[in-house]
Amino acid sequence: MAIGVPVESFGAKGDGVTDDSAAIQACIDALPAPQGGMILFRAAQYGPSSGMVNGLLIRGDKLVTLRGEGAGIQLKNGTQLVFAPGVVGITMRHGVAGLGGKSRVEHMRLIGNGAVATADGILLQSNSSILSNLVLQSFGGFGVHVSSPSGAIADNANACVGEHLVFNANEAGGLKLDGVNSNGCVFTGLNIGASLGPAITLSGVNTTTVIGAVIEGNASGIVLTIGTTNTRMFGVYYETDANIALQMNAGASKNVIHFGALGRTVGDPVVDNGSDNYWLSPNNSLHWNGFVVGRELGPQDSVELRPGNLILNLGAKATFLNALGSAIWTIQGVTGDLVISSAQDNYLSTGNKVQFFGLSVFADNAAARAGGLSFGALYRTGGNPDLVGVVH
């Protein structure tokens, strides 16, 4: 059993009617510095349906843990904290002179009442803070906003960790990181849906890691803006009806995004760059498992296309890959139809390559057909040069 202070000991009711914000804040403030302590919430609704009129503030001069009894599969189950429109649910900040950090919020559901774009579920401005097993829903801002707007030590938000987080119907978007000192954060096990903005936004941050994310039904997918570097995202499942999966703007560099799968992605493009010249800005890497609708690449970009149907259609583009680039398309074990289309004769400009691996070797078209390959399939000749042929 967890040893901590029940929030009811400071007058919180958890009856779904009383505004418990003052009682909860009094409990947080009463914890001694610097050791802090754990505050325990029952499986109950804290705040009326219209929401508590004040948010909660955790300062980093003490180690505070807010622990509920679970987020609940459905409403009325688990611990729920309900906040009024325009209220930031929980703000986690450094203490005096930037002391502290390392506080936690875990095992609960935070519910907003929409309407105000600045009202985030959790505004995180404290180093090494931890968010675990949370549901964040219906806030007007972002579900979680990791931010260091001034760059001063008082609002540093480096090395934060989020695990098993569910974002639902937050208006500005799901997860956002911005500022010059919101670096080295790690997020695992994300489920982001029904946002009216992007599922994930990274703006000017360095070395963010995301491992395992389901992105479904949001206005758009992942946005990386100027100054965002060294991002690593692995195992991203993206599914939506007709929106942008990934947007990398100019000045975003050295980022790797690995899409584990694409669901009902329709429309063109699935990758967009806003007003920039390239679908990916320089020195980024995009990995897809499954099918791809591809577009032009910038200098030194690398795209790895894993097994599955592949369609590359440039329409009126003059070249398949930009003439400035030294980009490499690596195509492994292609199955199904392969279509490469351009309005011009040059599919590849100087300095670019297309590499095919995992293809069967046949001497010529007749041998490939006799070997059982169907119309449109690819094969290698195995000679020098090693040519790629299409069964016809």
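Scroll up for the structure.
Because the structure is a prediction, the values reported are computed rather than measured. (Residues numbered from 1 in each chain as written. Predicted model: local features only at pLDDT ≥ 70, side-chain atom pairs only at ≥ 80, totals over all residues. Heavy atoms only, no water.)

Examined against the element boundaries, Ser 147 turns out to sit in strand β11 (residues 142–148). Residue Ser 147 is classed as buried on the basis of its relative accessible area, which comes to 6%. Among the polar contacts made by the side chain of Ser 147, one reaches the side chain of Asp 178 at a distance of 2.8 Å. Ser 147 has contacts with Leu 123, Leu 124, Gln 125, Asp 155, Ala 157, Asp 178 and Ser 182, leaving out every residue within four places of it along the chain. (Helix = DSSP H or I, 4+ residues; strand = E, 2+ residues; numbered from the N terminus. Buried < 20%, exposed > 50% of the residue type's maximum accessible area, 1.4 Å probe, protein only. Polar contact = N/O pair within 3.5 Å; in protein donor to acceptor, adjacent residues only side chain to side chain. Contact = heavy atoms within 4.5 Å.)

Below, the discussion takes up the environment of Phe 142. Structurally, Phe 142 can be placed in strand β11. Residues Phe 142 and Gly 174, spaced 32 residues apart in sequence, show a C-alpha to C-alpha distance of 5.3 Å. The residues contacting Phe 142, other than those within four sequence positions of it, are Asp 120, Gly 121, Asn 170, Ala 172, Gly 173, Gly 174, Leu 175, Lys 176 and Thr 201.

It is worth spelling out the nonpolar core at this point. In terms of nonpolar packing, the biggest core is built from 61 residues, with Leu 66, Ile 122, Leu 190 and Ile 222 touching the most fellow members. Considering each element in turn, this core owes the most residues, four residues, to helix α1 (residues 21–30). Residues in contact with Leu 190, not counting those within four places in the same chain, are Leu 165, Phe 167, Leu 175, Ile 200, Val 210, Gly 212, Ala 213 and Val 214. With five residues, the next largest nonpolar core counts Ala 368, Ala 377, Tyr 379 and Val 391 among its residues. (Core = buried A, V, L, I, M, F, W, Y, C linked by side-chain atoms within 4.5 Å.)

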